[in-house]
Each structure stands twice: as C-alpha cells, then as structure tokens.
Number of protein chains: 2
Amino acid sequence: MKPELYILGSNSATPTRDRHPTAQILRIGSSKIMIDCGEGTQNQLLKYGLRHTGITHICISHLHGDHYFGLIGLLSSMSLSGRKDTLYLIGPPALNEIINLQITHGAISLNFSIDFIATNPNQPSFVTQTNLFSIESFPLKHRIHCTGFLIKELPKELHINLEAIQFYKVPISLLNDLKKGADFITENGETIANHLLTTPAHSSYSYAFCSDTIYDPEIVPYIKNVDLLYHEATFMKNLEERAQLYYHSTAEQAGKIAQQANVKKLIIGHFSSRYDNLEMLLKEAQEVFENTVLALEGNMITIGE
Amino acid sequence: MKPELYILGSNSATPTRDRHPTAQILRIGSSKIMIDCGEGTQNQLLKYGLRHTGITHICISHLHGDHYFGLIGLLSSMSLSGRKDTLYLIGPPALNEIINLQITHGAISLNFSIDFIATNPNQPSFVTQTNLFSIESFPLKHRIHCTGFLIKELPKELHINLEAIQFYKVPISLLNDLKKGADFITENGETIANHLLTTPAHSSYSYAFCSDTIYDPEIVPYIKNVDLLYHEATFMKNLEERAQLYYHSTAEQAGKIAQQANVKKLIIGHFSSRYDNLEMLLKEAQEVFENTVLALEGNMITIGE
C-alpha cells in the first residue's frame with residue numbers, strides 16, 4: 001500500500017467559512033503521522049471520518065497559531081477516549097512548555113505518555129525512525145523558528161520467488177534473510193545470488209512538507225527527488241513583495257522550488273483568505289511545474305501515483 | 001432592546017460531528033460579552049454570521065479545554081483583522097500566563113490591549129462595570145478553580161413624557177436629570193415630582209452562567225431571581241453518581257437550582273456526548289422547572305421573554 005496524504009486544512013492565518021488552517025495526516029502502513037494541527041483539526045478528523053487512533057507522531061512546523069492551536073484539544077480528546085500508546089510529539093522546544101502549562105492548569109491527567117522531540121531550526125537533522133519510516137527536519141526561513149519535514153519510507157523487503165526457493169530447496173528459516181537481500185549458500189557450498197530467489201521490493205516513497213517559508217532555494221538539497229512535495233503558496237506572484245515581507249511564498253515560487261528539486265509531484269497550500277478561487281494559484285504554479293495539485297481539505301493524495 | 005444570548009456551543013469535553021464545546025455571546029446594547037470559548041468558537045461565529053468585532057469582554061469560567069481552547073485563536077484573528085479596542089479578558093489567573101506564553105512564542109504582536117481581570121474562586125466578587133452592565137463572578141464547585149458569572153443590565157433611563165414637560169415648561173437642559181429620576185422645581189419654587197414628567201424605564205435584565213459545577217445549592221443566593229439562568233446539565237439523573245464524581249450536574253439538579261433560585265427561565269447545556277437525543281435531558285429538567293430550554297448551538301434567546 002502506498003502512503004496516503006489526507007488534507008484536513010490548508011488555509012493561512014485565519015479560518016474562513018469553508019477553509020481551515022493547516023493540518024495533514026500522512027498514513028504509512030498502520031501508522032498515521034499528523035503534520036501541523038491548526039485550530040479545529042479534531043473537528044476536521046470527525047468530519048472526514050478519520051480516527052485519531054493510530055496517530056503515532058505529530059510534527060509541528062512552528063508556533064504560529066494556524067499551525068498548532070488545535071493540538072492541545074486533540075491531545076485532550078485522545079486521552080478522554082482512552083489512548084494508552086505513547087505519542088511522539090515533534091516541534092519547537094517551546095511547544096512542550098506551552099502544552100505542559102495547559103495540562104498543569106487544566107489538571108489534565110493524560111492517560112498516555114508524550115515523548116517530545118525538539119526540532120533544530122539551524123540545520124537538517126534526523127528526528128526519529130520506526131520500522132516503516134524515518135522523519136528528518138530541515139530549516140525553513142520564516143519569521144520564527146520553523147522547520148520542514150522529510151518523511152521517507154524505509155526500504156521494503158524483497159518478495160520471495162516461491163518457485164525458486166522450492167527449486168533450490170531453501171529452508172523456511174532463511175526466508176527472512178532472503179527478504180533482506182541475503183544470498184543462499186547450498187549444502188554443497190554453492191552461492192545462489194539473491195536476485196535468483198526474490199523479486200524486487202515495492203518502491204519506497206518520500207514526502208517533504210514545507211510550510212511556512214520565504215522563497216528559499218537553499219532548501220532544495222533537503223527535498224531533492226521526493227515523490228511528493230508540499231510547499232506553501234500563500235500568495236500569487238503579483239503579491240511577491242508582500243510574500244517576501246512576511247516570509248511567505250507565491251504559487252510561482254512553489255513551482256520553482258519543485259522544479260529545482262526535481263520532485264515528482266507538487267501540492268500547494270496555505271492559501272491566503274483573500275483568494276476565493278484557488279484555481280488561479282494552481283495555474284500559476286503549473287506554468288512552472290506542471291504536475292501540481294491543490295491541497296484541498298477532504299482530499300487524499302496517494303504518494304507515488 | 002432586550003439582551004440576547006447566542007449559543008455557539010454547548011457540548012461537554014470533546015466535540016462531536018455536530019456539537020461544539022461551550023461558547024456563548026451575550027449582546028447587551030452595542031456590547032457583546034463572550035462567555036467561555038471552546039475550540040472552534042471563531043468558526044462558529046463565522047458559521048452563524050456573528051462578527052467578533054464588538055466583543056468587549058470575554059469571560060472564561062475555568063481552564064478545562066472545552067471552555068477556553070478557542071480563545072488564543074480568536075484573539076489572533078481579532079488582531080489580524082485590525083482590532084484596536086481594548087479587550088477585557090476575565091478568568092483564572094493562569095489564563096493570562098498561558099495566553100502570554102503563546103503570544104511570546106508565536107511572536108504575535110497584538111494590535112490591541114488586553115486588560116486582564118483575574119477571577120476569585122473563593123468568594124463572590126465584583127468584576128467590572130460599563131455604562132450598560134456589570135459583571136460579577138461567584139465560586140462554582142468543580143475540579144479546578146471555576147467561577148460562574150452574573151451579568152446585570154444597569155438601571156435604564158426613565159422616558160420623558162413630552163406632553164408633561166411642555167405643560168410644566170421644563171427647560172431642555174434639565175431633561176437628562178429627569179431621565180435619571182430628578183424632580184423639577186419651577187420658577188415659583190414648586191416641586192413637580194419626577195413621576196409626573198416621565199414614564200417608567202425599560203426593565204433591566206440579568207443573566208447568570210453556571211458551568212461547570214457539581215449540584216450546589218450554595219450558589220442559589222448569587223443567582224436569585226435572575227431572568228435567565230444557564231446551568232450545566234451534563235448527565236441525566238440515572239448517572240447522578242457519575243455527575244457527583246466528576247463535579248458535574250444532572251438535568252434534574254439544574255431544574256432544582258432554577259427552582260430554588262426562583263429564576264424566570266432556565267437554559268441547560270454542557271451535554272455529554274453520549275446523548276444523541278437532548279430532548280430527554282430537557283424533559284427531565286422540565287419535570288422540576290417547567291420554563292426550561294436547551295442550549296442548542298445557533299439558537300438565540302431573548303432575555304426577558
């Protein structure tokens with residue numbers, strides 16, 4: 001199963017009647033990784049029938065409210081619904097302080113542990129890894145401490161060629177080694193190369209999340225060749241000066257970054273509330289990078305398609 | 001114009017698909033007083049076409065998330081939309097600490113001042129007053145520092161009887177004094193009693209807000225005879241023990257408090273998510289206190305009707 005990205009919100013700054021602030025769920029196998037969590041994210045989960053059970057990691061890019069004001073409410077609801085599993089919370093150091101202060105004064109006794117991992121705003125950093133994926137962060141140039149995230153599926157196991165293992169009489173106890181790439185040595189000492197015993201593994205896919213940021217080609221090395229790039233596109237290019245002033249990007253600039261990084265697909269979001277018609281932003285990005293889609297809430301993107 | 005109470009949310013603990021946590025707007029003349037501000041309140045304002053401009057005071061009863069997690073988002077949006085007017089924020093002392101921490105780490109520069117007034121959880125206290133209304137707080141027995149609020153319109157001005165002032169030749173410069181109740185003394189030194197020159201003022205109405213609280217008849221003196229009482233009714237009476245354990249009330253208990261306090265009308269809310277059908281809660285309260293209504297989001301109650 002390929003990773004799936006669910007868009008829960010993609011508006012900037014303030015919500016509108018039908019657009020919510022940034023929040024996404026990346027589903028990789030049985031794990032869900034939440035990326036940013038603007039106010040009302042738990043309502044958006046309910047609206048789109050996505051359960052918060054199974055969220056193993058929450059990554060917060062920065063402490064502007066439209067990226068994290070929904071977090072404390074989600075954590076409370078997770079606890080009230082009986083969550084026991086440790087949650088990995090990844091974000092700027094002050095996030096931990098804010099959440100703890102709210103927990104203390106609300107006398108909230110969480111039923112689960114939060115394993116907080118502080119992001120480093122100064123250099124690309126390994127964050128954490130499971131048996132399915134790794135998470136790295138990298139600096140984004142915004143008005144405050146802000147990082148992007150690079151989430152990569154780990155290499156998957158090779159598939160066993162059943163006919164071949166019968167032919168070469170490979171013991172079942174060795175199959176796990178074969179899946180990881182080992183050759184097979186017969187009783188006679190003959191080496192049977194792995195590629196004769198297996199078929200290629202499914203591809204592993206990668207996702208990079210860049211919100212919020214000024215147009216900054218320095219991030220290109222961190223996101224090179226990813227299968228899907230989310231890049232903010234707050235404004236259209238006629239407001240490029242405004243974008244620069246507030247450390248945001250235009251749709252055209254998002255397209256440029258996608259092009260320079262040679263990504264497979266671009267998804268743009270963090271739209272200014274001034275735009276009722278988002279198609280204009282899409283067209284602007286597509287003029288530079290054709291394989292672009294809009295981050296529309298309720299939409300799901302399969303990564304690798 | 002009589003005061004109007006707008007219900008933006010009345011669910012307890014966690015939101016459901018169609019029910020939001022506690023938030024209300026009390027409109028008195030040109031002022032709007034917000035009472036509690038659960039997550040998503042700014043979206044509820046948008047949904048019901050209520051603008052946040054004109055909110056002069058925000059009262060927060062306590063620091064359980066379903067009563068204040070929407071506050072920081074609303075404050076941010078107020079600032080982004082150019083608010084300049086001072087906002088009076090009323091709540092437990094730690095609320096100020098939490099809001100300031102979020103403002104600091106989000107590098108939010110609010111365009112307006114917040115005048116914070118800490119509530120006293122130990123005794124009934126005068127909070128603040130304008131030329132239209134006064135706000136008092138009183139202790140509620142809940143698991144953490146929690147207060148109710150009593151909001152009273154100030155006595156209104158008497159109406160001038162135009163025929164009478166012509167008859168008695170009252171100078172226009174004295175009309176404001178008459179509206180406040182002064183008698184008129186003629187050039188001959190004769191006293192004309194105020195009631196001959198004016199007709200009665202419109203009534204002044206009062207509203208009391210009690211959420212969250214265990215069943216506690218000690219609050220009755222604070223809310224005696226109010227025109228409208230909001231009282232939480234988290235559970236039905238078959239869960240009275242659970243209500244007591246968590247310092248909440250049943251619908252029947254809300255009715256009892258209304259009866260003991262001789263209020264004109266009762267509105268119940270803070271419904272547990274377990275109840276799909278709220279009519280059962282209404283019936284239970286009405287068996288004790290007939291003039292009861294449900295706090296349903298989107299509804300407006302005119303106080304004094």
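Reading the values: the criteria
- Residues numbered from 1 in each chain as written.
- Chains lettered and ligands numbered in written order.
- Predicted model: local features only at pLDDT ≥ 70, side-chain atom pairs only at ≥ 80, totals over all residues.
- Helix = DSSP H or I, 4+ residues; strand = E, 2+ residues; numbered from the N terminus.
- Rg over C-alpha atoms; globule rule 2.2 N^0.38 Å.
- Buried ≥ 20, exposed ≤ 12 C-beta atoms within 10 Å, placed from the backbone.
- Contact = placed C-beta atoms within 7 Å.
- Pairing = 2+ DSSP bridges.
- Axes fitted to C-alpha atoms, helices over the stretch in contact; angles between N-to-C directions.
- Domains from an automatic or database assignment.
- Arc of directions from axis to C-beta.
- Least-squares fit on C-alpha atoms with pLDDT ≥ 70 in both.
- Core = buried A, V, L, I, M, F, W, Y, C linked by C-beta atoms within 7 Å.
- Nonpolar A, V, L, I, M, F, W, Y, C, P; charged D, E, K, R; others polar.
- Left-handed = near helix turned anticlockwise from the far one by under 90°.
- Right-handed = clockwise from strand over helix to strand, strands pointing away.

Asks: Kindly report on the overall build of chain A, identifying the contributing residues and their values.
Replies: A count of helices and strands for chain A gives nine helices and 18 strands. Relative to its length of 305 residues, chain A is compact, with a C-alpha radius of gyration of 22 Å against a globular reference of 19 Å. Overall, chain A is about 70 × 50 × 35 Å in size when its C-alpha atoms are taken along their principal axes. Buried residues in chain A amount to 47% of all 305 residues. In chain A, 64% of the contacts between residues at least 6 apart in sequence involve partners at least 24 apart.

Asks: Residues and numbers for the sheet that holds strand 2 (residues 23–28) of chain B, please.
Replies: Paired through their backbone hydrogen bonds, the strands of a sheet run either parallel or antiparallel. Residues and elements named next belong to chain B. Strands sit in the order 6-5-4-3-2-1-18 across an open sheet of seven strands; the sheet is mixed. With one partner strand each, in any of the chains shown, strand 6 (114–118) and strand 18 (300–302) form the two edges of the open sheet. For this sheet, the mean inter-axis angle between neighbouring strands, taken without regard to orientation, is 20 degrees. Bridge count for strand 1 (residues 4–9) against strand 2 is five bridges, and the pairing is antiparallel.

Asks: Help me get a handle on the sheet that holds strand 14 (residues 206–210) of chain B, residues and values and all.
Replies: Residues and elements named next belong to chain B. The seven strands lie next to each other as 7-8-9-14-15-16-17, forming an open sheet whose pairing is mixed. Strands at the two margins of the open sheet, each flanked by one partner only, are strand 7 (125–129) and strand 17 (292–294). Ignoring strand direction, the axes of neighbouring strands in this sheet form an average angle of 20 degrees. As paired elements, strand 16 (residues 265–269) and strand 17 share three bridges and run parallel to each other.

Asks: I'd like a description of the domain arrangement of chain A, backed by residues and values.
Replies: Domain assignment breaks chain A into domain 1 (4–156 + 202–302) and domain 2 (159–198). For domain 1 of chain A versus domain 2 of chain A, the separation of C-alpha centres amounts to 42 Å.

Asks: Tell me about unusual backbone geometry, residues and numbers included.
Replies: Peptide bonds are, in most cases, trans, and in most cases residues other than glycine have a negative phi. Residue and element names in this part refer to chain A. The omega torsion of the bond from Ser211 to Asp212 falls at 0 degrees, within 30 degrees of zero and hence cis. Structurally, Asp212 can be placed in the loop between strand 14 (206–210) and helix 6 (220–223). Here Ala13, not a glycine, exhibits a phi torsion of approximately 60 degrees, which is positive. Position of Ala13 relative to the elements: it lies in the loop between strand 1 (4–9) and strand 2 (23–28). Although it is not a glycine, Ala107 sits at a positive phi angle of roughly 50 degrees.

Asks: So what's going on with helix 3 (residues 93–105) of chain B? Residues and values would help.
Replies: Restricting attention to buried positions, one finds in helix 3 of chain B the residues Leu95(B), Ile98(B), Ile99(B), Gln102(B) and His105(B). Seen end-on, helix 3 of chain B carries its buried residues on one side only, within an arc spanning 140 degrees. Turned more than 90 degrees from where helix 3 of chain B packs its buried face, Asn100(B) and Thr104(B) sit exposed. Where helix 3 of chain B is buried, its residues meet helix 3 (93–105) of chain A together with helix 2 (71–80) and strand 5 (87–91) of chain B. Downstream of helix 3 of chain B by a residue or two, Ala107(B) has a phi angle that is positive, lying close to 50 degrees.

Asks: I'd like a description of the relation of the copies chain B and chain A, backed by residues and values.
Replies: Rotating chain B by 180 degrees about the axis while translating it 0.0 Å along that axis superimposes it on chain A, leaving an RMSD of 0.1 Å. Such values leave the two copies arranged in the relation of a two-fold axis. Taking the C-alpha atom as reference, chain B places Gly40(B) closest to the rotation axis, 2.7 Å from it. Looking at the interface residues of chain B, 100% of them are also at the interface in chain A, so both copies use one shared face.

Asks: Please set out the nonpolar core residue by residue, giving values where relevant.
Replies: Counting 143 residues, the largest nonpolar core has Ile58(A), Leu229(A), Ile58(B) and Leu229(B) as the members making the most contacts within it. Contact partners of Leu229(A), with chain neighbours within four places excluded, come to Ala208(A), Cys210(A), Ile223(A), Ala258(A), Ala261(A), Val263(A) and Leu266(A).

Asks: Lay out the interface of chain B and chain A with the relevant residues and their values.
Replies: Every contact between the two is made by 31 residues of chain B and, on the other side, 31 residues of chain A. Secondary structure elements with two or more residues in the side of chain B that touches chain A: helix 1 (41–47), helix 2 and helix 3 of chain B. With six residues, helix 3 of chain B is the single largest residue contributor to the side of chain B that touches chain A. Of the residues contributing to the side of chain B that touches chain A, the split by class is twelve nonpolar, 14 polar and five charged.

Asks: Please provide a residue-by-residue account of the packing of helix 8 (residues 251–260) of chain A against helix 9 (residues 279–288) of chain A, values included.
Replies: Residue and element names in this part refer to chain A. Where helix 8 meets helix 9, the closest approach of the two axes is 7 Å, and the angle between their N-to-C directions is 35 degrees. Our pair here, helix 8 against helix 9, has a crossing hand that is right-handed. Where helix 8 approaches helix 9, its residues Ala251, Glu252, Ala254, Gly255, Lys256 and Gln259 are matched on the opposing element by Leu281, Glu284, Ala285, Glu287 and Val288. Residue composition of the contact of helix 8 with helix 9, grouped by class: five nonpolar, two polar and four charged.

Asks: Talk me through the pairing of strand 15 (residues 228–232) of chain A; I want residue IDs and the actual numbers.
Replies: Residue and element names in this part refer to chain A. Burial runs high along strand 15: five of the five residues are buried. Burial of the side chains of strand 15 extends over both faces: Leu228, Tyr230 and Glu232 are buried on one face and Leu229 and His231 on the other. When strand 14 meets strand 15, the two strands line up parallel, connected through four bridges. Bridge assignment links Cys210 to a residue of strand 15, and that residue is His231. Strand direction decides the pairing type here: strand 15 and strand 16 (residues 265–269), joined by five bridges, are parallel. Note on strand 16: the bridge partner recorded for Leu229 is Leu266.

Asks: Tell me about the pairing of strand 3 (residues 31–37) of chain B, and name the residues and values.
Replies: All names here are of chain B. Among the seven residues that make up strand 3, six are buried, leaving the element largely enclosed by the rest of the structure. Inspection of the sheet shows strand 2 paired to strand 3 by six bridges, in the antiparallel sense. Its bridge partner being in strand 3, Arg27 is matched across the sheet by Lys32. Counted along the chain from strand 2 to the antiparallel partner strand 3, the turn is two residues long, and its residue Gly29 has a positive phi close to 60 degrees. Bridge count between strand 3 and strand 4 (residues 55–59): four bridges; the pairing is parallel. By the bridge assignment for strand 4, Met34 is matched with Ile58. In this fold, strand 3 hands off to helix 1, which returns the chain to strand 4; that crossover is right-handed.

Asks: Mind laying out the environment of Lys2(A), listing which residues take part and the relevant values?
Replies: If you trace the backbone, Lys2(A) turns up in the segment before strand 1. Not counting the four nearest positions on each side in its chain, Lys2(A) is found in contact with Tyr205(A), Thr302(A), Ile303(A), Gly304(A) and Glu305(A).

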